[in-house]
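Chain residues, written in single-letter form:
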Amino acid sequence: AAGVPKRSLGTRRGGVNGKFVPPIKPTEEDDFGGMFGVKQPGMEGGNEEEIDERLKNIDPKMIETIRNEIMDIGAPVEWDDIAGLEFAKTTIQEIVVWPLLRPDIFTGLRKPPKGLLLFGPPGTGKTLIGKCIASQSQSTFFSISASSLTSKWIGDGEKMVRALFAVAKVHQPAVVFIDEIDSLLTQRSDTEHESSRRIKTEFLVQLDGAGTGEEERILVVGATNRPQELDEAARRRLVKRLYIPLPEFSARKQIVERLMSNERSALTNEQIDEVASLTDGYSGADMKNLCQEASLGPIRSISFSAMHQITADQVRPIAMEDFKSALQRVRASVSNKDLDAYVQWDKTYGMGG
Ligand code: ADP
């Protein structure tokens, strides 16, 4: 493709580790070589001629922007990086990750949904899950916030949506993660601006088209904190809807353990338990904020003048007292009222768990 650096094509492929356990035992003839980095015909973009063809009518500047800003080639995410959420993780593995890896097996009744909705309070790992799906299925990850389509790309939102799906096609298998999807698929259509209505229409068209072609492997993952805002058209397309709740005790504990394992910490096991029990109602993001706040405790006890001379190993380890004062500053960000609304919506429209 003219002017497009080759490095961005399929960069994720080799980098993902092969921790995934195949559903059936590989034989000598079928050694799963194609799944772990070795290209199979038709699996991805193919040759450069083909790429030009698919992106023929797309503004090259937009393609470049998508590759630079929306295509995410960050560090791979493992299932173990996500604390708790066992039901969501198992379900996702089965209904979307395996089908992306083995489209030849997941045909007919097993055909995967084209769209997945993750709903729940902010900061509970929805984005993390989106990334993990992409890593684990060796797919290219595209991530965009729906509100940026209406704000950042004023006037061009509709074209941007079309370009995004065209580029995703070239880099398939692909996961297209759309944050705040409610703002794109809201039900208050009569008050909508003409431009947002066009973006919405284009998005629905693309969503209907994604993954329908024989060799198309594009999964759309929408995330929202406000599932109540989604209209019927949106719910119909995002067939699988998974509640991503606040972390429970064991998940909160795991988050603290993980974050502390990279720091100098004086916390005992019992104290980590105590932090986990004192943080009922905290989201995963709240837990991270809390740990960050606590990690500043040892710094706060250093005087301004000492700060110039002190060596890194003279900074005392993070202790329980730091968590105690951090708990005063960092509070749970989600209200009980909001939580009730999620549970209610899950009962009506979710997959349960
Ligand atoms: P969301 O998309 O649901 O708003 P994110 O996935 O962006 O939330 O999470 C924000 C941050 O909070 C993550 O980068 C991570 O540090 C932390 N976090 C949230 N949920 C979890 C979780 N279940 N396990 C581990 N970390 C989490």
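Check the entry above for the structure.
The notes below deal with the structure included here. (Residues numbered from 1 in each chain as written. Predicted model: local features only at pLDDT ≥ 70, side-chain atom pairs only at ≥ 80, totals over all residues. Heavy atoms only, no water.)

On to the overall build of the protein chain, then. Looking only at helices and strands, one finds 16 helices and six strands in the protein chain. Here the protein chain holds 353 residues, and the buried ones make up 47% of them. Pairs at least 24 apart in sequence give 82% of the contacts found in the protein chain among residues at least 6 apart. If you sum the accessible surface of the protein chain, you get close to 18,000 Å²; carbon and sulfur atoms cover 51% of it. (Helix = DSSP H or I, 4+ residues; strand = E, 2+ residues; numbered from the N terminus. Buried < 20%, exposed > 50% of the residue type's maximum accessible area, 1.4 Å probe, protein only. Contact = heavy atoms within 4.5 Å. Areas by Shrake-Rupley, 256 points an atom, 1.4 Å probe, with all protein chains shown as cover.)

Right, let's get into the pairing of strand β3 (residues 140-145). As paired elements, strand β1 (residues 71-72) and β3 share two bridges and run antiparallel to each other. Along β3, the bridge assignment pairs M71 with F142. Pairing of β3 with strand β4 (residues 174-179) involves six bridges; the strand directions are parallel. Paired with S143 across the bridge in β4 is F177. (Pairing = 2+ DSSP bridges.)

Following Q172, the chain continues to P173 via a peptide bond in cis, the omega torsion being 0 degrees. With respect to the element layout, P173 can be found in the loop between α7 (157-170) and β4. Backbone geometry places Q138, a non-glycine residue, at a positive phi of 50 degrees. Considering the arrangement of structural elements, one finds Q138 in the loop between α5 (126-136) and β3. Positive phi values are uncommon outside glycine, yet E180 reaches one of about 50 degrees. Summarising the element assignment, E180 is placed in the loop between β4 and α8 (194-209). Take E180: its relative accessible area is 32%, and that puts it in the partly exposed class.

Our focus in this paragraph is the sheet that holds β4. The mixed open sheet is built from six strands, whose spatial order is β1-β3-β4-β5-β2-β6. Both edges of this open sheet fall to β1 and β6 (240-243), since each of them pairs with a single strand only. Packed onto the sheet, helix α16 (residues 336-349) meets β2 (115-119) and β6 and runs at close to 150 degrees relative to β6. (Axes fitted to C-alpha atoms, helices over the stretch in contact; angles between N-to-C directions.)

On the surface, a nonpolar cluster with roughly 230 Å² of combined accessible area is contributed by L296, I299 and M307. Within the element layout of this structure, I299 appears in helix α13 (residues 297-300). For I299, a relative accessible area of 32% corresponds to the partly exposed category. (Patch = residues over 30% accessible without salt bridge, like charges linked within 9 Å, V, L, I, M, F, W, Y side chains within 5 Å. Salt bridge = Lys/Arg side-chain N within 4 Å of Asp/Glu carboxyl O.)

This part is about the layout of surface pockets. Estimates place the volume of the largest pocket at around 960 Å³. I82, A83, T124, L128 and I255 are the residues nearest the centre of the largest pocket, which is lined by 34 residues in total. Put simply, the parts of the chain that give the lining of the largest pocket at least two residues each are α4 (86-101), α5, β6, α10 (249-260), α12 (284-295) and α16. Among the elements that take part in the lining of the largest pocket, α10 stands out by supplying six residues, more than any other. (1 Å grid on protein atoms, 1.4 Å probe; cavity = no way out; pocket = protein on both sides within 12 Å on 5 of 7 lines; lining within 4 Å. Points joined across faces, edges and corners; volume = space filled by probe spheres on them.)

A few words on the site of the ligand. Inspection of the region around the ligand gives 15 residues, with A83, G123, G125, K126 and T127 positioned closest. Within the contact set of the ligand, an oxygen atom lies 2.6 Å away from a side-chain nitrogen or oxygen of T127. In the environment of the ligand, an oxygen atom lies 3.4 Å from a nitrogen or oxygen atom belonging to the backbone of A285. Compared with its free state, where it exposes 560 Å², the ligand has 78% of that area covered by protein. According to the grid-proximity analysis, the pocket containing the ligand is the largest pocket. Looking at the shell around the ligand, the elements with two or more residues in it are α5 and α12. Looking at side-chain class alone, the shell around the ligand contains seven nonpolar, five polar and three charged residues. (Near = heavy atom within 4 Å. Polar contact = N/O pair within 3.5 Å; in protein donor to acceptor, adjacent residues only side chain to side chain. Sits in = over half its atoms within 2 Å of the grid points. Nonpolar A, V, L, I, M, F, W, Y, C, P; charged D, E, K, R; others polar.)

With that settled, consider the pattern of salt bridges. By the definition in use, this model includes 18 salt bridges. One salt bridge connects R237 with D208, and the closest N-O pair in it is separated by 2.9 Å. You can see R237 sitting in helix α9 (residues 232-237) and its partner D208 sitting in helix α8, a full 29 residues away along the chain. Looking at D208, the relative accessible area reads 34%, which means it is partly exposed.

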